[in-house]
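# What the coordinates show
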Amino acid sequence: MATVATLVLGIDGSTSLGGDSEGVTSPTDRARFLSRRRTSDCLIIGGNTARSDRYQKTPAPLVILSRSLPDLISENPLAHWWNLSPADAVARARAQFGDEILIEAGISIITELLNLGAIDQLELSITQASGGENRIEVHELLKHFTAIDKTEVNDTIFYSCSWPITPPK
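A brief look at the structure comes next. Given the structure is predicted, the values throughout are model-derived calculations rather than measurements.

A word on the overall build of the protein. Each helix and strand counted, the protein has six helices and ten strands in total. A compact globule built from 169 residues would reach a C-alpha radius of gyration of about 15 Å, and the protein, at 15 Å, matches this within 12%. Along the longest, intermediate and shortest principal axes, the C-alpha atoms of the protein span 40 × 35 × 25 Å. A burial count over the protein gives 47% of its 169 residues as buried.

The next point concerns the packing of aromatic side chains. Here the distance between the centres and the angle between the planes together describe a pair of aromatic rings. Throughout the structure, instances matching the rule amount to one aromatic pair. Measuring from centroid to centroid gives 6.1 Å for W82 and F97, while their planes differ by 10°, and the two rings are stacked. Residue W82 is located in strand 5 (residues 79-82), and its partner F97 is located in helix 4 (residues 86-97); the two are separated by 15 residues in the primary sequence. Taking the relative accessible area as the measure of exposure, W82 reaches 4% and is therefore buried. A cation sits over an aromatic face here: R92 above W82, 4.1 Å from the ring centre.

Okay, the pattern of salt bridges next. For the coordinates displayed, the defined rule picks out six salt bridges. Across the salt bridge formed by D12 and R135, the nearest N and O atoms sit 3.0 Å from each other. Of the two residues, D12 sits in the loop between strand 1 (2-9) and strand 2 (14-16) while R135 sits in strand 8 (residues 133-135), which places them 123 residues apart along the sequence. Accessibility expressed as a relative area gives 53% for R135, which makes it exposed. Taking the shortest distance from any N to any O, the salt bridge between E140 and K143 comes out at 2.8 Å. Given the relative accessible area of 37%, E140 is considered partly exposed.

Attention now moves to helix 4. Taking 1.5 Å per residue, twelve residues should reach 16 Å; helix 4 reaches 16 Å between its end C-alpha atoms and fits that length. When we look at burial in helix 4, the residues that qualify are P86, A89, V90, A93 and F97. One side of helix 4 carries all its buried residues, which in axial view fall inside an arc of 100°. Buried residues along helix 4 sit against strand 1, strand 3 (42-46), strand 4 (62-65), strand 5, strand 6 (100-103) and helix 5 (107-116). One or two positions beyond helix 4, positive phi appears at G98, with a value near 140°.

This part takes up helix 1 (residues 27-37). An α-helical segment advances 3.6 residues per turn. Residues three or four places apart therefore align on the same side. For helix 1, every residue scored as buried is listed here: T28, D29, F33, R36 and R37. Projected down its long axis, helix 1 shows its buried positions confined to an angular sector of 165°, all on one face.

Right, let's get into the nonpolar core. A general feature of soluble globular proteins is that nonpolar side chains tend to end up buried together. I44, I103, L124 and L141 are the most contacted members of the largest nonpolar core, which totals 30 residues. In terms of nonpolar packing, the next biggest core, distinct from the first, is built from twelve residues, F33, L62, I64 and L72 among them.

You can see E104 is positioned in the loop between strand 6 and helix 5. Overall, E104 belongs to the buried group, its relative accessible area being 6%. Sequence-wise, E104 and V4 are 100 residues apart; in three dimensions their C-alpha atoms are separated by 8.8 Å.

Thresholds applied
- Residues numbered from 1 in each chain as written.
- Predicted model: local features only at pLDDT ≥ 70, side-chain atom pairs only at ≥ 80, totals over all residues.
- Heavy atoms only, no water.
- Helix = DSSP H or I, 4+ residues; strand = E, 2+ residues; numbered from the N terminus.
- Rg over C-alpha atoms; globule rule 2.2 N^0.38 Å.
- Buried < 20%, exposed > 50% of the residue type's maximum accessible area, 1.4 Å probe, protein only.
- Phe/Tyr/Trp six-rings, centres within 6.5 Å; stacked < 30°, edge-to-face > 60°.
- Lys NZ or Arg CZ within 6 Å of the ring centre and 35° of its normal.
- Salt bridge = Lys/Arg side-chain N within 4 Å of Asp/Glu carboxyl O.
- Expected span 1.5 Å × (residues − 1).
- Arc of directions from axis to C-beta.
- Contact = heavy atoms within 4.5 Å.
- Core = buried A, V, L, I, M, F, W, Y, C linked by side-chain atoms within 4.5 Å.

Following this line, the structure appears as C-alpha cells:
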C-alpha cells in the first residue's frame, strides 16, 4: 500500500513553464513518469492541473479534486470529479480503486498531504528548464523525508524520497 506523489521542477524550482508542467519536463522525466503511472490503481489531480495539463487519456481511474465540474470529465471516460479534501480523496480512492495511489497534483495539494503525513513516497524530478512560473524550494519538499536517494540521468536529477517524517499532532 503506497501513496506516491510525483512532481517535476525546472532547475530554478519552477513547477510550470508557459502555463503547464510539460514546459519543465524532459524526455527522461517523461519516460519515468509514464512508467510509474502504469503501476497505479488511481491518479489524483487538482482542478488547476485538470485545466492546464493533458489528461484526456489515462491508464487508471483519474480523480479530479475541484469545487466545480471540470470539462475533462466529458473527455476522459475514467475521470471522476470529487469535491473532497485531498486526505479524504486519498482514503476514498484507496477504498474504491486500490492501494496504489499516485498524486500528480500541483504543489498545494502535495504540500497539504505532506503536512498530514499522507504521502509515503515522493518522486521529484529536476530538469534543466528555467524561467518558468510558480517556483518552490526543493528543500521544503525534501524536509518531509528521512530517506532521500539522488541520481542524475541525462541532465535530469531524480530524488526518490521515502520514510516520511511523522508530523507533530
